[in-house]
Amino acid sequence: MLRTFLYWVFTLFVCYSATGQTNGLTWHALGIEDGLSQATNYFVYKDTRGFVWIGSIAGLNRYDGTSIKVYMPDENDPASMLGENIQSDFFEDYNGDIWFATHDAINKYNWNQDCFDHYQLKINDFDPKAKFLEGYYIFYIDPQQYLWLLAEDNYVFTFHIPTGKIDCKGQVKQNSVRCLPITDPSGNITRILIRGRDWAGISVVDINTAGEMSLPRKLSSSEDILTNNIKPVLAEGDTTVWFLSSIALIRYSFLNGHTESYPLSECESMVKLNDSIFLIGSLNGGLKTFNKRKATFINEHQNTGPRSASGGFQKINYITRDKDGTIWLSTLGVGLHYAHPQKNKFGFIQFSDYIPFNTEINPIKLYEHEPGKLLCFTTTDGVLEIDLRQGVTIKPYKPLEGLKSHKTKTVTLDTKGRCWIGTWSGIYIYQPLSNELIKVTDSIGLTSHAGLDGQVFYTSSLMGLWEGNFDQNGKPFYKIVDRIPVDQKYIPVLLDHKNRIWLNKNVKEFKIFDPITYDQIANIPITGICEAMAITEDQKSIFIASSTGLYEIEESTLKLRKAYTPQTGLPALGINSILKDTHQHLWLGHSKGIAVFDPQTGKAKGYGWEDGLPNTEFTPASCIMKNGLFCFASNGGITTFYPDSVREIRTSAIPQITGLQINDKDPEMAITCRETGNTHFPEVESLVFSYRHNTLSFRIHSLEYSAPETNSLRYSMEELDKGFITEKNGNRIRYPSMPPGEYEFVLYASNSDGIENPVPRILHIEIKTPFYLTWWFRTLVALLIFSIVAYIIYLRFSKKLELQNIRLKLYENLHDDVGSRLTAIVLSAEDLEQNENISHPKIKAISKIARSIVGNMRRLVWAIDPVNDKMMSIIQKINHDKSLILDDRIDFSIEVDESLKNLVLPGEIRYQMSSVCNEAFTNISKYAQASKVSVKVKKEHKAIKLLVTDDGKGFDPEEKSKNTLEGSGYGMANMKRRASRAGGEFNVYSKPGEGTRIEFIFPFKV
């Protein structure tokens, strides 16, 4: 608890006293050059969609963080605003429409259509001669959606938004210009405070529960201070009010009429920052901070960005705070400035605020020589003592004042608490206990690092490595380390946790030496000027800061593990210092700011001027004070912070699409949302485009205003993008020649601290299909093609049917006529042999030939018959034929691919297949002496293969083919001819004693 208390005390002390930035506000400028219609503005409001509305006497401005859209009245456009002199704050109704008043009318901005409605009031609506009132001022919208407004300087009205009903509540004092509503906890008005144009003090009217207004009365107090010219009024609940008068800030209690005043002059506006702090805008003193608890004023230091509006904060005429906490202020004739209180994460001690001499100081070393006191060694102004204990003081450190002319180059504290100082005129030792400064040598010390037992290692202009220490008599000495090569210049020298000596040779590589033997133990290719080193808590990695990046070395092997650069996510190069916090994160001071690096993930987050950092490069000077305060030095001063207090802004950025181009041109006509009918692009959810309008460009924004220029977005057009793409705020993205189809554009926004809003902006897009690709056109074309194909099929089917009829007639003729006659011949020959006992070779030959012809005829008739067109018929035929030819003792099997069983084959192929099988079975029966025969039919590429295999005695195919008169030789030749007739090929594989395999391959698309 005590540590926490001291932490916050010190944080407040640094923020309020050290930096001069009372509330840590870093301001962004917005002027006419950015698109504002006028440099002086009085009303600012951020709506629920994330846009900022800015009112002036010269029109209405809408700001999205990168650009401004100006709305002005147009007498030729009835949907434009009426009047350009904006006189009131902005109020948002339950539909999200924006209400405001100009001198001429009540105006409503319609989000859906990007246009305006306007209303003018009369005292008597039934009197046609009654003129419209002027001078409108809206001051409240209540929970029942009644607008409360002042018109014509003395009439109070209510305007009911849902019904348009207008009610005149009564009159107040003439020339009243501004009203402040006092509400109960439910948000209903209980009284109205009124201030005038040319009368002093405050007038008040009470509102009863029925909404009736009492007669106005003057607000009385225990003092006469309220008789002064009252300007802004700020209510705290319904019992306390703060007034700004011409001479003081006044606190008033409704309970007892008691007032408390705090002298102040020429203040125009104020806003409540938190429960304790008011920000007050002055016409002569810039921005002031009032602490209610301490009853004190502080002039607020303005830390502006790279482009600050001319004139700064000297004449502040308006200040407000939006619902997300961003402060907006206007300066007369200059423009707007805005800042988020949580954005400035760092304190800054600016040298020029405390010392009258050189403001471009170059600090090279910081260390805490006493609790709460820093010594800052510089190359330009000697040594400065910075006292942070009771208000910041900076002054030259007298014991070392003589070093100013020597231009310090390097500073190192040894383990005995002595300070070794290398300058351009030699090396000195400062002993804090005795305030004694001793010169050791005239050699120039370039870099140094403390070793064990009070020793210090130096690299010098004389090349090589030097060691400094004190001898037994207490005298300092300085000698070269002769084991280290002296032929090169080493900048810098570093010592790690094991006291190993790291020497950067010619800014090209690190040579590492043993601290006792000085033997070289490693060589690491790290380039650039290296100023600092850090090691992880587990001592597994060593990190080296360099001008070329951050390098990670594996501690056990001293091998380079990884180099971190901007290409791998590091914010910048030129790292000059490293400090490690209690979470083992590395804080890096670099050329563009400060970054925090997580060694576990390898990711870094950068901070810049928008986070409260100076616009100068950080030097190697840095330290951690005993109370945990981190200090990083730059030329302009010292940045201070506690790492745990550097928190991210949680305000969500709202993703928005603010513009659209079609085929690289702005739309000629208003686009309309398919779902809602809205024509204003930020309100569009779904769009349809013709195929001719398929190149789309979007302007995308991340609406959050702590530092909008650093906001980012992620987007993806589903079906086109492979993943999400990161883009800068306000950029335009383009999708050329989108194909027809439906798409979903998804957009995520991140704020300036990189916190992404999980709710995306989604836009549904349809690119219509060209007529020649539509379903109905394709259907018509398909029907036409189908009709043509059907007609062709009909013709082919007719021919096929005709062919089938011919096949049937041929089958009948062959079977009934030729077949029967051949059978008669066979029977006659058999009769001659058996019954007539006539045995003659010619009769036998006739019988044999006739039987062969009958067999072939049967196969031919079988092949012609349309019933037998499928493969299964062939299988059945082969099974039937084998039973007639092969011995029953032979083991027979037949296999067919499942995909071929219902295949329809031409008659020629069926005929030749069955014939080849018959020839093969005949040869097996006569010669093979086989016990097993198998038939396989399978698919092979674009062909069908018939295999007939036996396990018989086999033969030599070449030998048999020479004698075509032998049965087997003749059979093979016959089978080859049958294969060629089917357009296929025939192969036989056999060896004596190894059986025979016959292949019949014929082409056929399956």
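These numbers come from a predicted model, not from an experiment. (Residues numbered from 1 in each chain as written. Predicted model: local features only at pLDDT ≥ 70, side-chain atom pairs only at ≥ 80, totals over all residues. Heavy atoms only, no water.)

Peer 1: For this particular structure, what's the right way to read the overall build of the chain?
Peer 2: Each helix and strand counted, the chain has seven helices and 70 strands in total. When each of the 1006 residues of the chain is scored for burial, the buried share is 51%. In the chain, the share of contacts with a sequence separation of at least 24, taken over all contacts with a separation of at least 6, comes to 51%. In the form shown here, the chain has an accessible surface area of approximately 47,600 Å², with 51% of it arising from carbon and sulfur atoms. (Helix = DSSP H or I, 4+ residues; strand = E, 2+ residues; numbered from the N terminus. Buried < 20%, exposed > 50% of the residue type's maximum accessible area, 1.4 Å probe, protein only. Contact = heavy atoms within 4.5 Å. Areas by Shrake-Rupley, 256 points an atom, 1.4 Å probe, with all protein chains shown as cover.)

Peer 1: Can you help me understand helix H5 (residues 907-928) in this one?
Peer 2: Taking 1.5 Å per residue as the helical rise, H5 with its 22 residues ought to reach 32 Å, and the 30 Å between its terminal C-alpha atoms agrees with that figure. Within H5, 16 of the 22 residues are buried, which leaves the element mostly enclosed by the surrounding structure. Downstream of H5 by one or two residues, Gln929 has phi in the positive range, about 55 degrees. (Expected span 1.5 Å × (residues − 1).)

Peer 1: Honestly, the environment of Thr320 in this entry has me stumped. Any pointers?
Peer 2: Its location among the elements puts Thr320 in strand E27 (residues 316-321). According to the relative accessible area criterion, Thr320 is buried, its value standing at 16%. Each C-alpha atom of the pair Thr320 and Leu273 lies 9.5 Å from the other, and the pair is 47 residues apart in sequence. With residues near it in sequence (within four places) discarded, Thr320 still touches Val44, Val271, Thr326, Ile327 and Trp328.

Peer 1: Can you walk me through the sheet that holds strand E53 (residues 593-598) in this structure?
Peer 2: Backbone-to-backbone hydrogen bonds join strands into a sheet, with any given pair of strands oriented parallel or antiparallel. In spatial order, the strands read E51-E52-E53-E54; together these four strands make up an open sheet with antiparallel pairing. With partners counted over all chains shown, the strands left at the sheet margins are strand E51 (577-580) and strand E54 (603-607), one partner each. When strand polarity is set aside, the average angle formed by the axes of neighbouring strands in this sheet is 25 degrees. (Pairing = 2+ DSSP bridges. Axes fitted to C-alpha atoms, helices over the stretch in contact; angles between N-to-C directions.)

Peer 1: Please explain the pairing of E27 as it appears in this structure.
Peer 2: On any regular strand, side chains alternate: one points to one face of the sheet, the next to the other face. Burial of E27 is extensive: five of the six residues sit out of reach of the surface. The pairing of E27 with strand E28 (residues 327-331) spans five bridges and is antiparallel. Looking at the pairing, Thr320 lines up with Trp328 of E28. Between E27 and the antiparallel strand that follows it, E28, lie five residues; Gly325 among them carries a positive phi value of about 100 degrees.

Peer 1: For this particular structure, what's the right way to read the packing of aromatic side chains?
Peer 2: The relation between two aromatic rings is expressed through the spacing of the ring centres and the mutual angle of the planes. According to the stated counting rule, one finds 51 aromatic pairs in the structure shown. Their ring planes at 65 degrees and their centres at 6.0 Å tell us that Phe43 and Tyr318 sit as a pair that is edge-to-face. Here Tyr318 lies in strand E27 and Phe43 lies in strand E2 (residues 43-46), a separation of 275 residues in the sequence. Using a relative accessible area of 7% as the deciding quantity, one classes Phe43 as buried. The interplanar angle of 80 degrees and the centroid separation of 6.1 Å between the aromatic rings of Trp420 and Phe470 together place this pair among those described as edge-to-face. Of this pair, Trp420 sits in strand E36 (residues 419-423) while Phe470 sits in strand E41 (residues 465-470), and the two are 50 residues apart along the sequence. (Phe/Tyr/Trp six-rings, centres within 6.5 Å; stacked < 30°, edge-to-face > 60°.)

Peer 1: Sorry, what's going on with the nonpolar core here?
Peer 2: General note: in soluble globular proteins, nonpolar side chains tend to be found buried as a group. Ranked by size, the top nonpolar core spans 37 residues in total, and within it Met871, Leu905, Met913, Phe921 and Ile944 carry the most contacts. Sorting the residues of this core by element identifies helix H4 (871-885), strand E66 (891-896), H5, strand E67 (932-940), strand E68 (943-950), helix H7 (967-981), strand E69 (985-990) and strand E70 (996-1003) as the ones contributing at least two each. (Core = buried A, V, L, I, M, F, W, Y, C linked by side-chain atoms within 4.5 Å.)

Peer 1: Could you clarify how one ought to interpret the pattern of salt bridges in this entry?
Peer 2: Two side chains carrying opposite charge are able to pair once their charged atoms lie near each other. For the coordinates displayed, the defined rule picks out 40 salt bridges. Between Lys108 and Asp117 there is a salt bridge whose closest N-O contact spans 3.4 Å. Accessibility expressed as a relative area gives 14% for Lys108, which makes it buried. Look at Asp117 and you get partly exposed, because its relative accessible area is 29%. Taken together, the shared-partner salt bridges in this structure form one network comprising Glu236, Lys272, Asp275 and Lys292. (Salt bridge = Lys/Arg side-chain N within 4 Å of Asp/Glu carboxyl O.)

Peer 1: Any chance you could explain the confidence of the model for the chain here in plain terms?
Peer 2: Low-pLDDT portions of the prediction should not be read for the details of their coordinates. Looking at the chain as a whole, the pLDDT averages 84, with 86% of positions reaching at least 70. Highest mean pLDDT in the chain belongs to strand E7 (residues 98-101) (97); lowest belongs to helix H1 (residues 2-18) (36). Note that residues 304-311 has pLDDT below 50 and, in this model, 19 contacts with residues that lie over four places away or in other chains. Note that residues 964-969 has pLDDT below 50 and, in this model, ten contacts with residues that lie over four places away or in other chains. (pLDDT = per-residue confidence, 0-100.)

Peer 1: Help me out: how do you make sense of the environment of Tyr564 in this one?
Peer 2: Mapping Tyr564 onto the fold places it in strand E50 (residues 559-564). Along the sequence, Tyr564 and Ala545 sit 19 residues apart, while their C-alpha atoms lie 9.9 Å from each other. Non-local contacts of Tyr564, meaning those with residues more than four positions away in its chain, are made with Phe543, Gly549, Leu550, Glu552, Leu570, Phe597 and Gly602.

Peer 1: Just checking my understanding: could you explain the pairing of strand E40 (residues 456-460) for this structure?
Peer 2: Of all five residues making up E40, five are buried, and the element is well covered by its neighbours. Taking every second residue as pointing to the same face, both faces of E40 are buried, with Val456, Tyr458 and Ser460 on one and Phe457 and Thr459 on the other. What sits between strand E39 (residues 445-450) and E40 in their antiparallel hairpin is a turn of five residues, with Asp453 showing a positive phi close to 55 degrees. By the bridge criterion, four bridges tie E40 to E41 in an arrangement that is antiparallel. In the sheet register, Thr459 faces E41, and the bridge partner there is Leu465.

Peer 1: Explain the sheet that holds E66 here, please?
Peer 2: Taken in spatial order, the five strands make up an open sheet running E66-E67-E68-E70-E69, and their pairing is mixed. Bordering the open sheet on either side are E66 and E69, each of which pairs with just one other strand. Averaged over all pairs of adjacent strands, the angle between strand axes in this sheet comes to 10 degrees, irrespective of strand direction. Bridge count between E66 and E67: six bridges; the pairing is parallel. Counterpart to Ile894 in the pairing with E67 is Val935. The sheet strands contacting H4 are E66, E67 and E68, and the helix crosses E66 at an angle near 170 degrees. Packed onto the sheet, H5 meets E66, E67, E68 and E70 and runs at close to 15 degrees relative to E68.

Peer 1: Would you explain the packing of H4 against H5 in this entry?
Peer 2: Helix packing geometry: the angle between the two helix axes and the distance between the axes. Contact geometry for H4 and H5: axes closest at 10 Å, N-to-C directions at 25 degrees. Judged by the inter-axis angle, H4 sits roughly parallel to H5. When the axes of H4 and H5 are compared, the crossing they make is right-handed. Listed contacts from H5 to Met871, Ile874, Lys877, Ile878, Asp881, Lys882 and Ile885 of H4 are Arg910, Met913, Ser914, Cys917, Asn918, Phe921, Thr922 and Ser925. For the contact of H4 with H5, the class distribution of residues is seven nonpolar, four polar and four charged. (Parallel < 35°, antiparallel > 145°, perpendicular 65-115°, else oblique. Left-handed = near helix turned anticlockwise from the far one by under 90°. Nonpolar A, V, L, I, M, F, W, Y, C, P; charged D, E, K, R; others polar.)

Peer 1: Just checking my understanding: could you explain a nonpolar patch on the surface for this structure?
Peer 2: A contiguous nonpolar surface patch, about 790 Å² in accessible area, is contributed by Phe771, Tyr772, Leu773, Trp775, Trp776, Leu780 and Leu783. Mapped onto the fold, Phe771 is located in the loop between strand E65 (761-767) and helix H2 (775-834). (Patch = residues over 30% accessible without salt bridge, like charges linked within 9 Å, V, L, I, M, F, W, Y side chains within 5 Å.)

Peer 1: What exactly am I supposed to notice about the side chain of Ser330 here?
Peer 2: Its place among the elements puts Ser330 in strand E28. We classify Ser330 as buried; its relative accessible area is 0%. For Ser330, the residues in contact, after removing those within four places along its chain, are Ala39, Thr40, Asn41, Lys315, Ile316, Asn317, Tyr318, Gly335 and Leu336.

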